[in-house]
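Structure at a glance
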Amino acid sequence: MVIDEKLLSSIMQHNELDYILHLDTKSYQLRDVSITKSATPLTRPNMRGGVYFSDTFHYRIKATVDDTAIVPFLSKAMLGPNTEFKNLKITSSLKKDGRTKNISIFTNLTNTMQSSSKVELNMVIVDISED
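Residues numbered from 1 in each chain as written. Predicted model: local features only at pLDDT ≥ 70, side-chain atom pairs only at ≥ 80, totals over all residues. Heavy atoms only, no water.

1. So, the overall build of the chain
Within the chain, the regular secondary structure consists of 2 helices and 8 strands. The N-to-C order of helical and strand elements in the chain reads α-β-β-β-β-β-α-β-β-β. Counting every position in the chain, which comprises 131 residues, the buried fraction comes to 35%. For the chain, restricting intrachain contacts to residue pairs at least 6 apart in sequence, the fraction spanning at least 24 positions comes to 60%. Carbon and sulfur atoms make up 48% of the accessible area of the chain, which amounts to about 8,000 Å² in all. (Helix = DSSP H or I, 4+ residues; strand = E, 2+ residues; numbered from the N terminus. Buried < 20%, exposed > 50% of the residue type's maximum accessible area, 1.4 Å probe, protein only. Contact = heavy atoms within 4.5 Å. Areas by Shrake-Rupley, 256 points an atom, 1.4 Å probe, with all protein chains shown as cover.)

Listed below in structure tokens is the structure:
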């Protein structure tokens with residue numbers, strides 16, 4: 001799948017955006033969101049978790065959720081206990097040229113780190129679109 005890099009670049013330039021993770025029927029506010037471009041550790045095309053990887057780079061999102069009640073829902077979304085990734089939807093609104101664009105980012109959860117008060121999520125972007 002080809003990611004709209006121009007749209008993603010627009011988002012990466014705005015640090016003040018609010019992001020909301022939609023998981024099953026619940027929504028969670030994300031904070032400390034960072035989006036980065038990184039190299040893929042693959043040297044040839046590969047299949048992982050039912051997803052075909054052929055790109056030499058990918059975009060990652062790192063974010064924090066302050067509600068630890070999210071943890072049981074995360075195990076259903078991550079590769080490991082499941083044979084395939086579940087796409088997670090993150091939404092945001094981008095104000096540009098006097099207009100507001102609603103953005104949907106679809107990700108795969110790659111790992112989490114939990115403390116007593118928060119959960120840090122690491123995800124790979126698989127698609128992005130404007131609504």
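From this point, things continue past the structure.
2. Points about the nonpolar core
Counting 31 residues, the largest nonpolar core has Ile11, Ile105 and Leu121 as its most contacted members. Looking at this core, the elements that each hand over two or more residues are α1 (5–12), β1 (19–23), β2 (26–39), β5 (57–65), α2 (71–74), β6 (87–96), β7 (99–114) and β8 (119–130). Counting residues per element, this core draws most heavily on β8, at 5 residues. Here Ile11 is in contact with Leu17, Tyr19, Ile35, Leu94, Ile103, Ile105 and Ile128, once residues within four sequence places are set aside. (Core = buried A, V, L, I, M, F, W, Y, C linked by side-chain atoms within 4.5 Å.)

3. Considering the confidence of the model for the chain
Of all residues in the chain, 82% have pLDDT values of 70 or greater, and the mean over the chain is 83. No element of the chain has a lower mean pLDDT than strand β4 (residues 51–53), at 54, and none a higher one than β1, at 94. (pLDDT = per-residue confidence, 0-100.)

4. Here's the deal with the pattern of salt bridges
Using the criterion set out here, one finds 6 salt bridges in the structure. A salt bridge links Lys62 to Glu120, with the nearest nitrogen and oxygen atoms 3.5 Å apart. One end of the pair, Lys62, is in strand β5; the other, Glu120, is in strand β8, and 58 residues separate them in sequence. When its relative accessible area of 37% is taken as the criterion, Lys62 is described as partly exposed. Glu130 is the partner of Lys101 in a salt bridge, and the nearest nitrogen-oxygen pair spans 3.6 Å. (Salt bridge = Lys/Arg side-chain N within 4 Å of Asp/Glu carboxyl O.)

5. Considering the sheet that holds β6
Strand order in the closed barrel made by the 6 strands is β1-β2-β5-β8-β7-β6, with antiparallel pairing throughout. Averaged over all pairs of adjacent strands, the angle between strand axes in this sheet comes to 45°, irrespective of strand direction. Here 11 bridges tie β7 to β8, and the two strands are oriented antiparallel to one another. Within β8, the position partnered with Thr112 by the bridge is Leu121. (Pairing = 2+ DSSP bridges. Axes fitted to C-alpha atoms, helices over the stretch in contact; angles between N-to-C directions.)

6. Notes on the pairing of β7
Two elements, β6 and β7, share 10 bridges in a ladder whose sense is antiparallel. Among the inter-strand pairings, Thr91 is bridged to a residue of β7, identified as Ser104. Connecting β6 to the next strand, β7, in antiparallel fashion are 2 residues, including Asp97 with a positive phi near 55°. Taking the residues that link successive antiparallel strands as the turn, the β7-β8 hairpin has 4 residues.

7. Regarding the pairing of β5
The pairing of β2 with β5 spans 7 bridges and is antiparallel. For Arg31, the partnering residue across the bridge sits in β5 and is Thr64.

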